[in-house]
Amino acid sequence: MAKATFHFYGELNDFLPANKRQVEIEHFFGEKGSIKDMIESLGIPHPEVDCIEVNGASVDFSYIVQDGDVINVYPISAATKTPILSLVRPQPPKVIRFVLDIHLGKLASSLRLLGFDTLYRNDYDDAELAAISSTQMRILLTRDKGLLMRSAVTYGYYVRNTDPQQQIVEVLRRFNLFKLVSPFARCLRCNGLLKPVTKQAIIDKLPENIQRDVKEFHCCQGCAQIYWKGSHYEKLQQFIDGVLDCNR
Ligand SMILES: [Zn+2]
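Residues numbered from 1 in each chain as written. Predicted model: local features only at pLDDT ≥ 70, side-chain atom pairs only at ≥ 80, totals over all residues. Heavy atoms only, no water.

Caption draft 1: Structural detail: the nonpolar core. Among the nonpolar cores identified, the biggest contains 34 residues, and Phe-6, Phe-8, Ile-39, Val-49, Ile-52, Ile-71 and Val-73 are the most heavily contacted of them. Contributions of two or more residues to this core are made by β1 (2-8), β2 (25-29), α1 (35-41), β3 (49-54), β5 (70-75), α3 (126-135) and α4 (145-148). No other element matches β1, which puts 4 residues into this core. When residues of this core are sorted by domain, at least three fall in each of domain 1 (2-78) and domain 2 (98-183). (Core = buried A, V, L, I, M, F, W, Y, C linked by side-chain atoms within 4.5 Å. Buried < 20%, exposed > 50% of the residue type's maximum accessible area, 1.4 Å probe, protein only. Helix = DSSP H or I, 4+ residues; strand = E, 2+ residues; numbered from the N terminus. Domains from an automatic or database assignment.)

Structure below.
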């Protein structure tokens with residue numbers, strides 16, 4: 001049997017069993033394979049990996065692991081990264097956009113509420129999610145490791161928290177998005193952009209008390225949903241303030 005020694009850094013340890021975290025892992029293998037496959041066989045989805053160093057030199061995902069290799073694997077977080085290592089993927093897209101799996105509906109709404117371009121439908125299957133992520137250069141957010149390990153996925157992230165409010169803070173932190181928050185710019189239903197609309201243009205669609213009491217309206221350019229600062233608004237604003245407070 002051949003043997004390689006792996007050391008996983010930072011948040012990559014989240015994917016390892018407790019007894020393998022923050023220690024050198026001796027991995028025995030019979031058939032030679034790519035380093036990408038070997039890392040995933042140890043439980044770590046490839047989109048979480050940013051740099052790989054073998055015997056002191058950086059390699060990409062296609063490297064074939066050899067007997068005796070000493071392998072350091074680094075996550076995307078800058079804290080543990082050595083700058084001389086090359087990336088295993090192209091630079092991330094300049095504009096951060098997302099596609100979310102079926103289980104992250106609340107996170108999808110929160111991202112839209114904060115203005116981020118977020119595709120979400122409850123009928124996308126895994127192959128579609130991976131394809132959308134790949135062709136549209138969207139970051140795939142999921143809690144399904146198998147989905148992240150699909151080869152089509154280049155940009156993806158495993159959401160650690162299960163609580164939706166903690167999830168939104170986690171994602172804003174991970175992608176450094178706090179400064180880009182733009183609340184009430186996007187439709188919560190369809191992800192379309194909102195634009196101001198005069199009351200006159202939509203008056204026949206409004207309940208009587210809203211016709212009387214509200215002056216400002218926005219309309220979704222995707223689905224024509226009309227938005228105004230109604231009874232729900234204060235709750236949403238409180239939610240946004242709570243999220244932004246986590247960055248202070
Ligand atoms: Zn809409």
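Caption draft 2: Region of the structure containing the sheet that holds strand β6 (residues 98-100). The parallel open sheet is built from 4 strands, whose spatial order is β7-β6-β8-β9. Of all strands in the sheet, those bounded by a partner on one side alone are β7 (118-119) and β9 (156-158). Two strands pair when backbone bridges link them, and β6 and strand β8 (residues 139-142) are joined in this way by 3 bridges, in the parallel orientation. Across the sheet, the residue bridging to Leu-100 is Leu-141, located in β8. Sheet strands in contact with α3 are β6, β7 and β8, and its direction is about 175 degrees off that of β6. (Pairing = 2+ DSSP bridges. Contact = heavy atoms within 4.5 Å. Axes fitted to C-alpha atoms, helices over the stretch in contact; angles between N-to-C directions.)

Caption draft 3: Main features of the coordination of the zinc ion. On the protein side, the zinc ion has Cys-187 (SG), Cys-190 (SG), Cys-220 (SG) and Cys-223 (SG) as donor atoms, found 2.3 Å from it. Geometry at the zinc ion is tetrahedral, judged from its 4 donor atoms and the angles of 95 to 116 degrees they form at the metal. Counting the intervening residues between successive donors of the zinc ion yields the motif C-x2-C-x29-C-x2-C. Residue Cys-190 is found in the loop between α5 (164-174) and β10 (194-197), and its partner Cys-223 is found in the loop between β11 (217-220) and β12 (226-227); the two are separated by 33 residues along the sequence. (Donors = N, O, S within 2.8 Å, 3.2 Å for Na, K, Ca; no water. Tetrahedral: all angles 85-135°; square planar, octahedral: opposite > 155°, others 65-115°.)

Caption draft 4: Here's a closer look at unusual backbone geometry. A positive phi is found at Met-137, a non-glycine position, where the angle reads about 50 degrees. By the secondary structure assignment, Met-137 is in the loop between α3 and β8. Despite not being glycine, Phe-184 has its phi angle at roughly 60 degrees, a positive value. The topology assignment puts Phe-184 in the loop between α5 and β10.

Caption draft 5: Seen up close, the packing of aromatic side chains. Counting across every chain of the model gives 7 aromatic pairs. Ring geometry for Tyr-9 against Tyr-74: centres 4.6 Å apart, planes inclined by 15 degrees, an arrangement best described as stacked. Of this pair, Tyr-9 sits in the loop between β1 and β2 while Tyr-74 is found in strand β5, placing the two residues 65 residues apart along the sequence. Aromatic rings pair up to connect Phe-98, Tyr-157 and Phe-175 into one cluster. Sitting over the ring of Phe-175, Arg-174 keeps its end group 4.3 Å from the ring centre. (Phe/Tyr/Trp six-rings, centres within 6.5 Å; stacked < 30°, edge-to-face > 60°. Lys NZ or Arg CZ within 6 Å of the ring centre and 35° of its normal.)

Caption draft 6: Representation of the packing of helix α2 (residues 105-113) against α5 in the model. For the pair α2 and α5, interaxial distance at closest approach is 9 Å and the crossing angle is 50 degrees. The angle between α2 and α5 falls in the class oblique. The element α2 and its partner α5 pack so that their crossing is right-handed. Residue-level contacts link Lys-106, Leu-107, Ser-110 and Leu-111 of α2 to Pro-164, Gln-167, Ile-168 and Val-171 of α5. When the residues that make up the contact of α2 with α5 are grouped by side-chain class, the tally is 5 nonpolar, 2 polar and 1 charged. (Parallel < 35°, antiparallel > 145°, perpendicular 65-115°, else oblique. Left-handed = near helix turned anticlockwise from the far one by under 90°. Nonpolar A, V, L, I, M, F, W, Y, C, P; charged D, E, K, R; others polar.)

Caption draft 7: Spatial organisation of the domain arrangement of the protein chain. If you check the domain split of the protein chain, you get domain 1 (2-78), domain 2 (98-183) and domain 3 (194-244). For domain 2 versus domain 3, the separation of C-alpha centres amounts to 26 Å. Taken together, the contact between domain 2 and domain 3 spans 10 residues of the former and 5 residues of the latter. Across the interface of domain 2 and domain 3, roughly 670 Å² is buried in total on both sides, 86% from carbon and sulfur atoms. Considering only the surface of domain 2 that becomes buried against domain 3, Leu-113, Gln-165 and Phe-178 emerge as the three largest contributors, covering 53% of it. If you look at where domain 2 meets domain 3, you find 0 salt bridges. Our count for the contact surface shared by domain 2 and domain 3 stands at 0 residue pairs in polar contact (both at pLDDT 80 or more). Secondary structure elements with two or more residues in the side of domain 2 that touches domain 3: α2 and α5. Top contributing element to the side of domain 2 that touches domain 3 by residue count: α5, with 4 residues. Grouping the constituent residues of the side of domain 2 that touches domain 3 by class yields 8 nonpolar, 2 polar and no charged. (Buried area = accessible area lost by both parts, 1.4 Å probe. Salt bridge = Lys/Arg side-chain N within 4 Å of Asp/Glu carboxyl O. Polar contact = N/O pair within 3.5 Å; in protein donor to acceptor, adjacent residues only side chain to side chain.)

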